[in-house]
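# Coordinates in review
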Amino acid sequence: MSGDTITKPHHLSFAPGRAARELGLKRGDLDLAVHLGLVRTVPDEGGGGRRVLRSEIERLRAGARFPESLLERVTVTGTTEGAAMMHVPAGRFTRLARLGLVVPVKWYLNRYRAVVWLYLAEELEQFAADETNAPLLKDRRMPEGLRAMLDAGVDLRPRNWRGRHRGFLLRQADDPWERAGALAAFLDPVQIAEIVPDPYERSHVNRFRPGPPASGAPGSPAAHIAEKLMTAADPDEISLLRADLTAVLDEAREKRPAPRPTRSRAPAPTHPGHIGAPPPEEPEPSRGLLSWLCRRTVRTAAP
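Please read these numbers as outputs of a predicted model, since none were measured by experiment.

Calculation rules
Residues numbered from 1 in each chain as written. Predicted model: local features only at pLDDT ≥ 70, side-chain atom pairs only at ≥ 80, totals over all residues. Heavy atoms only, no water. Pairing = 2+ DSSP bridges. Helix = DSSP H or I, 4+ residues; strand = E, 2+ residues; numbered from the N terminus. Salt bridge = Lys/Arg side-chain N within 4 Å of Asp/Glu carboxyl O. Buried < 20%, exposed > 50% of the residue type's maximum accessible area, 1.4 Å probe, protein only.

### Quick word on the pairing of strand β5 (residues 106–109)
With four bridges connecting them, β5 and strand β6 (residues 115–120) associate as antiparallel partners. Each residue of the ladder has a partner; that of Y108, found in β6, is V116. In sequence, β5 turns back onto β6 through a hairpin of five residues, with R113 there showing a positive phi of about 60 degrees.

In structure tokens form, the structure reads like this:
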């Protein structure tokens, strides 16, 4: 998705729900199309998220085989359907995914709080059509090196999804502070505190730090699972994120320092009980009161 920062009047753009209807998509399909860079968006000048320009809708509608071609590119499938598309058993498909040979694009938790990974159907078809992948699909046994990885418990699905989702978030970021927030989204708070020790900078980074794309109520088991999937786990993955975040923070500080509270002098108190306060001024008598006093004085002084 484009990082365009130009804002447009609302009559020239659509909110996501309306844009999905204009394109014949479900809202979730539109979100995925935006993440994949298939649909470009611009910031909402009112701060209400992102919008789709009317010109972008027209561009997509003018494409060949619209809307089927767009729908095909955002179609996702689970393990069973994906295995059928690639003509392999579901177990073989899962092993390919654990090895990182097919990469999930989304996930959700089923009613048993198990993670269900989803894959782009278009990518699975391309993988199956590539002749170099034929041994992985047709041979009875996996190559020895890959079998050793599986025996060691390797499962690259969470990491590969994080890498893909990180790309989505970075494409949406319009400035270095937003990119810093996108990178920080994949680190735990302890890592962030080490990289960003200044509390005002850390607060500014957290302002742009998105949460997992799907989670339950805060503190719920579903939320804990989502947070775990979102957080980098491998040492080399963490090291890469820390280095990227440090570099982006240097760029952000140079472009625009994080906001800090301004110091303002409090006005000096003026109530009479305060030491050093000026004494209250006596109110001046009105003209009517002065005239009455003069007449009274004259009558009193008369013989």
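Additional details are given in the paragraphs that follow.
### So, unusual backbone geometry
Following F66, the chain continues to P67 via a peptide bond in cis, the omega torsion being 5 degrees. Counting through the fold element by element, P67 comes out in the loop between α3 (54–61) and α4 (68–73). Even without being glycine, R65 reaches a positive phi, approximately 60 degrees. As for its placement among the helices and strands, R65 is situated in the loop between α3 and α4. Unlike most non-glycine residues, H87 shows phi in positive territory, near 60 degrees.

### Remarks on the pattern of salt bridges
In the structure shown here, the tally under the stated rule is 18 salt bridges. A salt bridge links E22 to R61; the nearest nitrogen and oxygen atoms lie 2.6 Å apart. Residue E22 is located in helix α1 (residues 16–23), and its partner R61 is located in helix α3; the two are separated by 39 residues in the primary sequence. What makes R61 partly exposed here is its relative accessible area of 40%. Between R256 and D175 there is a salt bridge, with the nearest N and O atoms lying 2.9 Å from each other. Of this pair, R256 sits in the loop between α15 (235–255) and α16 (287–301) while D175 sits in the loop between α10 (157–172) and α11 (176–184), and the two are 81 residues apart along the sequence. Its relative accessible area of 12% is what places D175 among the buried residues. Residues participating in the shared-partner salt-bridge network are R18, E22 and R61.

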